[in-house]
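Below, each chain spelled out in residue letters.
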Amino acid sequence: MTTVTALLHDKSSRSVQTLPSDASVLEAIRLMAEHHIGSVLVTEAGRPVGIVTERDYARKVILMGRSSADTRLSDVMSSAVLSVASSDSIEHCMQMMTDHRIRHLPVLDGGTLAGMVSIGDLLKALLELRQREIEQLQQYI
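The following paragraphs examine the structure supplied in this document. (Residues numbered from 1 in each chain as written. Predicted model: local features only at pLDDT ≥ 70, side-chain atom pairs only at ≥ 80, totals over all residues. Heavy atoms only, no water.)

Details of the nonpolar core
Here is a general trend for soluble globular proteins: nonpolar side chains tend to be buried in one another's company.
So, point 1. Formed by 15 residues in total, the largest nonpolar core has its most connected members in Val 4, Val 84, Leu 105, Val 117 and Leu 122.
So, point 2. Broken down by secondary-structure element, the contributors of at least two residues to this core are helix H1 (4-10), helix H5 (90-100), strand E4 (104-109) and helix H6 (119-140).
So, point 3. The dominant element in this core, judged by the number of residues it contributes, is H5, at five residues.
So, point 4. Discounting residues that sit within four places of it in the chain, Val 117 has contacts with Val 4, Leu 7, Leu 8, Lys 11, Met 97, Arg 103, His 104, Leu 105 and Val 107.
So, point 5. Counting 13 residues, the second-largest nonpolar core is a separate cluster that includes Leu 19, Met 32, Val 42 and Leu 73. (Core = buried A, V, L, I, M, F, W, Y, C linked by side-chain atoms within 4.5 Å. Buried < 20%, exposed > 50% of the residue type's maximum accessible area, 1.4 Å probe, protein only. Helix = DSSP H or I, 4+ residues; strand = E, 2+ residues; numbered from the N terminus. Contact = heavy atoms within 4.5 Å.)

Pasting the structure below:
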């Protein structure tokens with residue numbers, strides 16, 4: 001069983017991009033573009049209070065005719081932030097993402113932000129795991 005700890009260890013960048021809830025949507029979009037990521041965690045006093053994704057931007061800003069510069073993250077963020085612990089399995093993360101139709105999960109350990117995993121991170125880890133299993137089976141034969 002591969003855990004989130006192993007997945008975070010293999011990621012090239014473990015930093016999580018965060019902004020306060022009073023930041024503008026434009027700031028979040030710029031941050032996402034700069035770091036080639038699809039979400040920004042919204043925090044207050046170091047604790048997650050929401051998440052803003054590219055999907056939120058498209059649906060809650062662009063389609064609603066709002067201004068990116070004048071709209072605050074608190075107005076468009078998803079405030080029910082689901083998270084996982086570093087000891088959770090990648091299978092558990094995949095199940096959560098599937099059940100809740102989300103693509104990003106913050107990793108919290110004892111309330112402290114330890115990282116962020118995306119659906120892409122999980123798929124990459126699962127593919128690598130399956131490839132190793134195939135190689136082991138081929139060596140066995």
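Moving on from the model shown.
Some details on the side chain of Thr 53
So, point 1. Here Thr 53 lies in strand E3 (residues 47-53).
So, point 2. Assessed through its relative accessible area of 15%, Thr 53 is described here as buried.
So, point 3. Residue contacts for Thr 53: discarding those within four places in its chain leaves Met 32, Gly 38, Ser 39 and His 104.

Note that every value here comes from positions in space, so none of it alone points to a role or purpose.
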